[in-house]
Amino acid sequence: MTHQWPSLKAMSFGLHPAFRLRGPSTFTQNPSVHPCHSRCTRSLSASLLPPYLTTMNEAFPDIQKIQFEGPKSRNPLAFKHYNADEVVGGKKMRDHLRFGVAYWHAMRNTLSDPFGGGTAQRPWDDGSSSVENAQRRVWACFEFMDKLGVDYYCWHDRDVAPELDTLAESNRAFDAVADELEKAQQQTGKKLLWGTACLFSHARYCQGAGTSPNAGVFAYAAAQVKKAMDVTHRLGGEGYTFWGGREGYATLWNTNMKRELDHLARLLHMAVDYKQKIGFTGQFYIEPKPREPSTHQYDSDSAACLNFLREYGLMDHFKLNIETNHATLAGHTMRHELQVAIAANALGSVDANTGDELIGWDTDQFPTDIYLTTEIMLEVLRMGGFTTGGLNFDAKCRRESFEPVDLFHAHIGGMDAFARGLKVANAIIEDGRFAAFIKSRYASFDTGIGAKIEKGEVGFEELEAHVLANGEPLLASGRQEMLENLVNDYL
Ligand code: XLS
Ligand code: NI
Ligand code: NI
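Residues numbered from 1 in each chain as written. Chains lettered and ligands numbered in written order. Predicted model: local features only at pLDDT ≥ 70, side-chain atom pairs only at ≥ 80, totals over all residues. Heavy atoms only, no water.

Peer 1: Looking at this structure, I do not really get the nonpolar core. What am I missing?
Peer 2: As a rule of thumb, nonpolar side chains are buried together in soluble globular proteins. If you look at the biggest cluster of nonpolar residues, it comprises 111 residues, and the most contacted ones within it are L148, W155 and L391. For this core, the element with the most residues is helix α13 (residues 404-431), which contributes eleven residues. The next biggest cluster of nonpolar side chains, apart from the first, holds seven residues, and it includes A102, Y152, L193 and Y285. (Core = buried A, V, L, I, M, F, W, Y, C linked by side-chain atoms within 4.5 Å. Buried < 20%, exposed > 50% of the residue type's maximum accessible area, 1.4 Å probe, protein only. Helix = DSSP H or I, 4+ residues; strand = E, 2+ residues; numbered from the N terminus.)

Peer 1: Where do I start with the site of ligand 1 in this structure?
Peer 2: Neighbouring ligand 1 are W104, H156, W194, W243, E287, K289, E323, H326, D351, D362 and D394. W104 places a side-chain nitrogen or oxygen 3.3 Å from an oxygen atom of ligand 1. In this structure, D351 approaches ligand 1 through a side-chain N or O atom, which is 2.9 Å from an oxygen atom. Across the complex, the protein chains shield 94% of the 290 Å² of accessible surface that ligand 1 would expose by itself. (Near = heavy atom within 4 Å. Polar contact = N/O pair within 3.5 Å; in protein donor to acceptor, adjacent residues only side chain to side chain. Areas by Shrake-Rupley, 256 points an atom, 1.4 Å probe, with all protein chains shown as cover.)

Peer 1: Hey, could you run me through the coordination of the nickel ion (ligand 2) in this one?
Peer 2: Six octahedral donors around a metal ideally make angles of 90 or 180 degrees; four tetrahedral donors ideally make 109.5 degrees. Donor atoms from the polypeptide that bind the nickel ion (ligand 2) are E287 (OE), E323 (OE), D351 (OD) and D394 (OD), placed at 2.0 to 2.1 Å. Its six donor atoms give the nickel ion (ligand 2) angles of 81 to 175 degrees at the centre, a pattern that matches the octahedral case. Positions of the donor residues of the nickel ion (ligand 2) along the chain correspond to the pattern E-x35-E-x27-D-x42-D. Between the nickel ion (ligand 2) and the nickel ion (ligand 3) the interatomic distance amounts to 3.9 Å, and E323 serves as a bridging ligand to the pair. Note that D351 is positioned in strand β13 (residues 347-351) and D394 in the loop between β14 (391-393) and α13, a separation of 43 residues in sequence. Of the residues examined, D394 reaches a relative accessible area of 6% and is grouped as buried. (Donors = N, O, S within 2.8 Å, 3.2 Å for Na, K, Ca; no water. Tetrahedral: all angles 85-135°; square planar, octahedral: opposite > 155°, others 65-115°.)

Peer 1: Please explain the environment of T363 as it appears in this structure.
Peer 2: Following the sequence through the fold, T363 ends up in the loop between β13 and α12 (370-382). It is 9.7 Å that separates the C-alpha atoms of T363 and D113, two residues lying 250 residues apart in sequence. Each residue touching T363, except ones within four places of it in the same chain, is listed here: N325, T354, G355, D356, K396 and R398. A polar contact of 3.3 Å, which involves the side chain of T363, links it to the backbone nitrogen of D356. A polar contact is formed between the side chain of T363 and the side chain of Q365, at a distance of 2.9 Å. (Contact = heavy atoms within 4.5 Å.)

Peer 1: What should I look at first to understand the packing of helix α14 (residues 433-441) against helix α17 (residues 480-490) in this one?
Peer 2: Any two packed helices are characterised by how steeply their axes cross, that is the angle between the axes, and by the distance between the axes. Orientation of α14 relative to α17, taken along the N-to-C sense of each, is 160 degrees, at an axis distance of 11 Å. Judged on the interaxial angle alone, α17 and α14 are roughly antiparallel. Helix-helix and strand crossings are classified by hand; for α14 and α17 the assignment is left-handed. For the pair α14 and α17, contact is made by R433, F434 and F437 and by M482, L483, L486, V487 and Y490, respectively. For the contact of α14 with α17, the residue count by class is seven nonpolar, no polar and one charged. (Axes fitted to C-alpha atoms, helices over the stretch in contact; angles between N-to-C directions. Parallel < 35°, antiparallel > 145°, perpendicular 65-115°, else oblique. Left-handed = near helix turned anticlockwise from the far one by under 90°. Nonpolar A, V, L, I, M, F, W, Y, C, P; charged D, E, K, R; others polar.)

Peer 1: What should I look at first to understand the coordination of the nickel ion (ligand 3) in this one?
Peer 2: Listed as protein donors to the nickel ion (ligand 3) are E323 (OE), H326 (NE2) and D362 (OD); their distances from the metal cover 2.1 to 2.3 Å. Each donor residue of the nickel ion (ligand 3) belongs to the same chain, with the gaps between them written as E-x2-H-x35-D.

Peer 1: Would you mind showing me how to read the pattern of salt bridges here?
Peer 2: What the rule picks out here adds up to 26 salt bridges. E143 is the partner of K147 in a salt bridge, and the nearest nitrogen-oxygen pair spans 2.8 Å. With K147 and E143 both in helix α4 (residues 131-148) and four residues apart, the pair spans about one turn of that helix. Look at E143 and you get buried, because its relative accessible area is 0%. (Salt bridge = Lys/Arg side-chain N within 4 Å of Asp/Glu carboxyl O.)

Peer 1: Where do I start with the confidence of the model for the protein in this structure?
Peer 2: Low pLDDT marks regions whose predicted coordinates should not be analysed in detail. In the predicted model, the protein carries a mean pLDDT of 90, and the fraction of residues at 70 or more is 88%. Low confidence marks residues 1-53, where pLDDT is under 50. Its contacts with residues over four positions away, or in another chain, come to 98 contacts. (pLDDT = per-residue confidence, 0-100.)

Peer 1: It is not clear to me how the environment of M145 should be interpreted in this structure. Could you clarify?
Peer 2: As for its placement among the helices and strands, M145 is situated in helix α4. For the pair M145 and T188, spaced 43 residues apart in the sequence, the C-alpha separation amounts to 9.1 Å. With residues near it in sequence (within four places) discarded, M145 still touches V101, V150, Y152, Y153 and K190.

Here it is as structure tokens:
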């Protein structure tokens, strides 16, 4: 749906200085302070705001709606490959890819790193933790999504609304921001892919949330999840994610691992009960990650998550939300993690990003590697496509890329990379040579003794007799090099 935002340029009188901020930043005096905050000593009260600012603030006044211009275009603010309504393999690109904007990165990440504070210029944001600022940010985000042509977004409770002194106050602030989110969703047709609770930033969670040794912290986490589920439900969210931010340990010298795992499962069972109670029908996801911030996270990879879910009787209620950079931190490829999940009928959604091969942490970069996006889309197509899930850009601009327009370049690149990945994956599937090769590789299990093995009709004695009668088996080449060459034919 196309929505025409009123132009703020025409009515920019009386704007708070934060809104006039355009062009290069001058925050170098104190890089650890948010650029807007360093200039702004008071937070905006609702009465100071012209009424239109609570509905649309023209956060990106110089940027038009991003158009598909095709591969020959030289316009960096255009799609070369992502053409939302183009049909690939019987389905529109937008329905295959179901892109999501991650609120925490696009709207809240100041682009700090371990050696320096934030650099991001976000002129619509006054840097305060006021509810008004949070409400204004909503409209900046929806303007961004609308201009970008992304249909979904994801949030943590504390990305969209501030954490205040008490749970009651935080919940009230969350409701007030949810009012704006609801209005913005209705106005633009954008949808919530999933919500989640941030159970890792506040100091109370320094020893974990569901796995904290402190029952009061467990209770706080439960209360926060309850509220985040309520708001996700209210906003029609299609899913709800549990990323175990600090659900792990720093050292086993102070940890009762078994008890912590039991507690985590208890929290998730409570969430399942509450989901049924409020009638929330969205999909629950667990997001694997091996480490960082903890030394070891209990949800370390797809296999560990599935084992945990099976052990605690939660398999029917959860699928996995798999993130590329987490897969590689776990020492796996993304494709490996996806296949493990698909084999258990548990692939739900994808956090689309990528890591840096030379940096050892979760760098959350935008995916631009077509080989990677092809592999991801091959697996997604192979499982029949997303249902509730999608491709959430859990990715941030580099610290050097601090201008608002960089948010567009980053997402456009990711969307184009996935559009190409989708097309290549679809071509590979339609062509059928890989599938035929893999099928033929296992052909000895289709008939004869192989079929009997698969059906469980033979045991050790029959197989010994088979070898005694037939002798040494004849092996075929794995043809890895030939197949890798074939991939390049499609790119
Ligand atoms: C952090 C995670 C986080 C989750 C949501 O590494 O990727 O962003 O996606 O809590
Ligand atoms: Ni993630
Ligand atoms: Ni991550």
